[in-house]
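Examination of the molecular architecture
In case you want the letters, here they are:
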Amino acid sequence: MALLKRDNNIQPKIKNTADVSRDLTIKKEYKATERKTIKVDPPVYDLIKSMSIVTDKKMYDLVKQMCEVYLDNNVSQRQKETVLLMIKENEK
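Throughout, residues of each chain are indexed from 1 in the direction in which the sequence is written. Selection of residues for local features in this predicted model requires a pLDDT of at least 70, selection of side-chain atom pairs for listing and counting requires 80 or more, and totals for whole chains, interfaces and linings are taken over all residues. Think of the side-chain values as coming from all heavy atoms in the structure, minus any hydrogens and water.

Let us look at the overall build of the protein chain. A tally of helices and strands in the protein chain yields three helices and zero strands. Mapped from its N terminus to its C terminus, the protein chain presents α and β elements in the order α-α-α. Per-residue and other accessible areas were derived by the Shrake-Rupley procedure at a 1.4 Å probe size, with only the shown protein chains allowed to occlude residues. Accessible area of the protein chain: about 9200 Å², with a carbon and sulfur share of 56%. Helix and strand assignments follow DSSP, with helices taken as H or I runs no shorter than four residues and strands as E runs no shorter than two, numbered in order from the N terminus.

Moving on: the confidence of the model for the protein chain. The quantity known as pLDDT measures the predictor's confidence residue by residue, on a range of 0 to 100. Across the protein chain, the average pLDDT comes to 82, with 73% of residues at or above 70. For the protein chain, per-element mean pLDDT is lowest for helix α3 (residues 77–91), which scores 85, and highest for helix α1 (residues 42–55), which scores 94.

The next subject is α3. Its 15 residues place the ends of α3 21 Å apart at the C-alpha level, agreeing with the 21 Å of an ideal helix rising 1.5 Å per residue. Note on definitions: a residue-residue contact is assigned when non-hydrogen atoms from the two residues lie within 4.5 Å. Packing partners of the buried residues in α3 comprise α2 (59–74). To estimate the expected span of a helix, count its residues, drop one, and scale the result by 1.5 Å.

So, about the environment of Tyr45. If you trace the backbone, Tyr45 turns up in helix α1. Each C-alpha atom of the pair Tyr45 and Met59 lies 9.6 Å from the other, and the pair is 14 residues apart in sequence. Once residues lying within four places of it in the same chain are set aside, the contact partners of Tyr45 are Val40 and Met59.

This brings us to the packing of aromatic side chains. The pairing test for Phe, Tyr and Trp rings, Trp by its six-membered ring, is centres within 6.5 Å, and the orientation test on the planes gives stacked under 30 degrees, edge-to-face over 60, and tilted for anything in between. For the coordinates displayed, the defined rule picks out zero aromatic pairs. For a lysine, the NZ atom is tested; for an arginine, the CZ atom; a charge sits over a ring if that atom is within 6 Å of the ring centre and within 35 degrees of the ring normal. A cation over an aromatic ring shows up here: Arg35 above the ring of Tyr60, its NZ or CZ 3.5 Å from the ring centre.

A few words on α1. With 14 residues, α1 should cover 20 Å at 1.5 Å per step; its first-to-last C-alpha distance of 20 Å lies within 8% of that length. Following α1 by one or two positions, Asp56 has its phi on the positive side, about 60 degrees.

Before going further, it helps to examine unusual backbone geometry. Even without being a glycine, Asp56 presents a positive backbone phi close to 60 degrees. Structurally, the position occupied by Asp56 is in the loop between α1 and α2.

Let us now look at the packing of α1 against α2. Throughout, an axis means a line fitted to C-alpha atoms (over the contacting stretch in the case of helices), and angles, computed between N-to-C directions, take values from 0 to 180 degrees. At their nearest, the axes of α1 and α2 sit 9 Å apart, and the two run at 105 degrees to each other. Relative to α2, the element α1 lies roughly perpendicular. Across the interface between the two elements, Tyr45, Ile48, Lys49, Met51, Ser52 and Thr55 from α1 touch Met59, Leu62, Val63 and Met66 from α2. Residues are grouped as follows: Ala, Val, Leu, Ile, Met, Phe, Trp, Tyr, Cys and Pro are nonpolar; Asp, Glu, Lys and Arg are charged; all remaining types, including Gly, are polar. In the contact of α1 with α2, the residues fall into seven nonpolar, two polar and one charged. Should an angle fall under 35 degrees it is taken as roughly parallel, and over 145 as roughly antiparallel, whereas 65 to 115 is taken as roughly perpendicular and any remaining angle as oblique.

The subject of this paragraph is the side chain of Ser52. The topology assignment puts Ser52 in helix α1. To sort residues, take the accessible area from a 1.4 Å probe on protein chains only and compare it with the maximum for the residue type: under 20% means buried, over 50% means exposed, and anything in between is partly exposed. The class of Ser52 is buried, set by a relative accessible area of 7%. With near-sequence residues (within four places) excluded, Ser52 lies in contact with Lys57, Lys58, Met59 and Leu62.

Shown next, in the form of structure tokens:
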């Protein structure tokens, strides 16, 4: 019983806390000079270009939307968090 009875009821002090926020969205707007080139096969480029014309969206917005849909539908929640944390670390 000695292990259960504490003489002092002092709570431990926490120095560091973990970031438990689950904000998984990428909201930052980028300038044209900050965007980077992606190398894809010509048929894939033509497909993206055609889809951007038909949907009246910019190509980079369309690719961003495609990536978000892929993350939502084809990747587990844990993998999605890992990918987005990697992106967040690269932004720093």
